[in-house]
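Analysis of the macromolecular model
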Amino acid sequence: MTYIEPLSGIPCSPGVSIARALVIGDDDIVINPTPIEDGAVEEEIARFHAARDAALSQVRAISDHLALSGKVEQQAIFEGHLVLLEDEELEHDVLALIRQSHYRSEQAIHEAIESYAKMVSDLDDPYLRERATDCRDIGARLIRNVLGVQTFDLGSIAEDTILVARDFTPSQTAQISLEHVKGLISELGGRTSHSAIMARSLELPAIVGVKNATLHIRSGDLIALDVEHNQIWVRPDAARLADIRAVQRQYALQREKWQALRDLPALTRDGHRVELCANIGTVRDADSAQANGAEGIGLYRTEFLFMDRPTLPGEEEQYLEYSAIARAMSGKAVIVRTMDIGGDKELPCLDFPKELNPFLGWRAIRIFFDRPDIMLPQLRAILRASAHGPLRIMFPMVAAVEEFRALKAQVCALKDELRADGVPFDEAIPLGVMIETPAAAVLARFLAREVDFFSIGTNDLTQYTLAVDRGNEQIARMYQPLSPAVLGLIQQVIDASHAAGKWTGMCGELAGDERATALLVGMGLDEFSMSAIALPRIKAIVRSLDYEAARQLAVQVRECATLEEVEDRLQAFARQNSGASEAYE
Ligand code: PEP
Ligand code: MG
């Protein structure tokens, strides 16, 4: 059957791809609920142990392969799987179910894994939900081994493929090879989910949050994935396919044109300069930042170094990582944000309290103040790494001037220590604050006197200003960074920084949203930081703009009372700005 209407979801990584689908599901697993005979217990236990030994060698092989290809972070996921496979409690639970309830191995594994996975996924925390996914991943591998069903490892895909799944596990995305994987489609997830972040960092076209994708799409179906128009055509007819191929060619041409601007400055037609930088999570992303013409790193989310591991990273490990990033950016500035754990990101090795409102709870610098054993090694590591390239330190979740003062005092004390020990570091390392709480925005004129720079985190600023949880799909329509309330705070922050002779950047998603580029330039934003893949398009828009016209736009938008008025004004501007039309398309 050919679909007349395309499927759609949340476009999260741009591009256009046409390839056969591979639907990843668990439908080849059938669990037999019939209990085993009394005398068969030992035999059943042996079946489980054989399956576990096989899983251990499979996972070790994947881990070794990833290590050989230099994919250290991906390898860490499988190292985590090994820890779980060797977990004595898991083994104990499975054996107890076999011995006491006479479950078959597959059912015992399923029950034991599910009770752990449910416990963490019921916490309704996206970070922990991912740990549940890891756990189920291991469960599925063990059950397949028990049943003698081969586990399909994504590393073995040999032809061009668009992957489709309810959700992608970290172990799946870790194995994706760009040689044959041409796109991702998932039923779950949003713009900031694991699959979305991975897809962007791999520069792989992706649409997530596609309802019932695994029902509508079968393995082998030809798929035309057009992220530009948020359309997934399943088994397109010849005419549709020809259309999408044209879109694909057009997109490739456009990217080539944008890419040609790579080494040119982000300058408006009348000579106003802004800076375009990339957001990164690991040293690997630095390559893609460079390839897409980033002028620096506007946000390095250091918390990724703290996640997916049983213990905290020490000062030395952090120092090596931050120095590697400083070197990879070859002299371009890197804003290192101190770890932002809490909210939707928890750490297994930190004893997190059960919180009713984690986003309003123990998060980021609030953890720092309670846990000097986390704060001091990180700050020392950043300071030491600043000897290898221009680093800047940025503090997330600041809501009071005294918080910044206390953090600055810590940095000064550490500098004294390093100086006394003769350890090199950048004496003039700039210190900035992330403006992501309404409190910080309101206090911007006071903060501006004390900081070196601001960077606006619109992802959180939007949720805290509008009181709309950024991860709640139920109220996603109310999550609007272009709301006049959020824009008013942004303007206030930019003006306050300029009045104090400082600069303001933006590292939330709005910085890479082409609908907002002209407006943000007109509002006076100095630096835009976004996922690397969004950079070329945003640069093309900046270079097509007239700064005076953008300033007028900002003045008009300041008078808009509703979101609809803002959007109408922005659309009208995009239409009028004929020079920009190509970049806006
Ligand atoms: C933000 O809040 O806008 C931001 C960039 O930080 P994060 O998304 O990591 O919370
Ligand atoms: Mg934030």
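See the structure above.
Per chain, the residues get numbers from 1 upward, laid out in the order the sequence is written. Chain A is the first chain written and ligand 1 is the first ligand written, with later ones labelled in order. For this predicted model, a pLDDT threshold of at least 70 governs which residues receive local features, and a threshold of 80 or more governs which side-chain atom pairs are given and counted, while totals over whole chains, interfaces and linings are taken from all residues. Side-chain measures here rest on the full set of heavy atoms in the structure, leaving out hydrogens and waters.

**Brief notes about the coordination of the magnesium ion (ligand 2)**
Water is not part of the atom set, so a site may look incomplete; the donors themselves are N, O and S atoms within 2.8 Å of the metal, or 3.2 Å for Na, K and Ca. Within the protein, the atoms that donate to the magnesium ion (ligand 2) are Glu436 (OE) and Asp460 (OD), at distances of 2.0 to 2.1 Å. With Glu436 in the loop between strand S12 (431-435) and helix H15 (438-442) and Asp460 in helix H17 (residues 458-466), the pair connects residues that are 24 residues apart, well separated along the chain. Judged by relative accessible area, which is 1%, Glu436 ranks as buried. Going along the chain from the N terminus, every DSSP run of H or I of four or more residues is numbered as a helix, and every run of E of two or more is numbered as a strand. The classification of residues rests on relative accessible area computed with a 1.4 Å probe and restricted to protein chains. Under 20% of the type maximum is buried, over 50% is exposed, and intermediate values are partly exposed.

**Digging into the site of ligand 1**
We call a residue near a molecule or strand as soon as one heavy atom of that residue lies within 4 Å of the molecule or strand. Near ligand 1 you find 15 residues, and of these Arg301, Arg337, Gly457, Asn459 and Arg470 are the closest. The term polar contact refers here to a pair of N or O atoms within 3.5 Å; inside protein, the definition further demands a hydrogen-donor-capable atom paired with an acceptor-capable atom, and it admits residues adjacent in sequence only when both atoms are side-chain atoms. Within the side chain of Arg363, an N or O atom sits 3.4 Å from an oxygen atom of ligand 1. Between an oxygen atom of ligand 1 and a side-chain N or O atom of Glu436, the distance comes to 3.0 Å. Relative to its unbound accessible surface of 290 Å², ligand 1 loses 98% to contact with the protein. Under the grouping applied here, Gly and all other residues not named as nonpolar or charged are polar, the nonpolar ones being Ala, Val, Leu, Ile, Met, Phe, Trp, Tyr, Cys and Pro and the charged ones Asp, Glu, Lys and Arg. Along the lines of polarity and charge, the residues of the shell around ligand 1 split into three nonpolar, four polar and eight charged. Only the protein chains shown count as cover for residues, with accessible areas throughout obtained via the Shrake-Rupley method and a probe of 1.4 Å.

**Concerning the nonpolar core**
Residues grouped as a nonpolar core are buried Ala, Val, Leu, Ile, Met, Phe, Trp, Tyr and Cys residues, joined through side-chain atoms within 4.5 Å. Membership of the largest hydrophobic core comes to 100 residues, with the highest contact counts inside it found for Phe395, Ile435, Phe454, Ile490, Leu519 and Phe528. Those residues within four positions of Ile490 in sequence are excluded, and the remaining contacts are Ile456, Thr458, Leu461, Met506, Leu510 and Met523. Counting 32 residues, the second-largest nonpolar core is a separate cluster that includes Val59, Leu82, Leu142 and Ile143. When checking whether two residues touch, look at their non-hydrogen atoms; a contact exists if any pair is within 4.5 Å.

**Description of the packing of aromatic side chains**
Note on aromatic pairs: the rings of Phe, Tyr and Trp (six-membered ring only in Trp) are paired at centre separations within 6.5 Å, and the planes decide the class, stacked below 30 degrees, edge-to-face beyond 60, tilted for the rest. Here the structure, examined in full by the defined rule, presents four aromatic pairs. Ring geometry for Phe352 and Trp362: centres 5.4 Å apart, planes at 70°, overall edge-to-face. Residue Phe352 is located in the loop between strand S10 (334-337) and helix H12 (365-370), and its partner Trp362 is located in the loop between S10 and H12; the two are separated by ten residues in the primary sequence. For the residue pair Phe352 and Trp362, the accessibility class agrees, reading buried in each case. On the basis of an interplanar angle of 65° and a centroid distance of 6.4 Å, the ring pair of Phe395 and Phe404 is categorised as edge-to-face. For the pair formed by Phe395 and Phe404, the shared burial category is buried. For the cation-ring pair, Arg384 lies above Tyr319, with the distance from its terminal atom to the ring centre recorded as 4.0 Å. Geometrically, a charge over a ring is one whose NZ (Lys) or CZ (Arg) sits within 6 Å of the ring centre while staying within 35 degrees of the ring normal.

**Comments concerning the sheet that holds strand S8 (residues 275-280)**
Any two strands with at least two DSSP bridges between them are considered paired. Taken together, the eight strands give a closed barrel; going around it, the order is S8-S9-S10-S11-S12-S13-S14-S15, and neighbouring strands pair in parallel fashion. Each strand axis lies, on average, 25° off the axis of its neighbour in the sheet, ignoring direction. Of the strand pairs in this sheet, S10 and strand S11 (residues 391-395) are connected by four bridges, and their pairing is parallel. Counted as the bridge partner of Val334 is Leu391 from S11. In this description, a line fitted to the C-alpha atoms serves as the axis of each element, helices being fitted only across the stretch in contact, and the angle between N-to-C directions of two axes falls anywhere from 0 to 180 degrees. Contacts from helix H11 (residues 315-328) reach S8, strand S9 (297-301), S10 and S11 within the one sheet, and its direction differs from that of S9 by about 155°. Here helix H13 (residues 372-385) sits on the sheet in contact with S10 and S11, set at roughly 155° to S11.

**Quick look at the environment of Gly488**
As for its position among the elements, Gly488 is in helix H18 (residues 484-499). For Gly488, a relative accessible area of 35% puts it in the partly exposed group. C-alpha of Gly488 to C-alpha of Ile162: the two residues are 326 residues apart in sequence and 42 Å apart in space.

**A look at unusual backbone geometry**
Of note in the backbone geometry, Arg235 takes a positive phi value of approximately 45° without being a glycine. Positive phi, close to 65°, is recorded for Met397, a residue that is not glycine. The class for Met397 is buried, based on a relative accessible area of 1%.

Interpretation in functional terms is not warranted from these geometric data alone.
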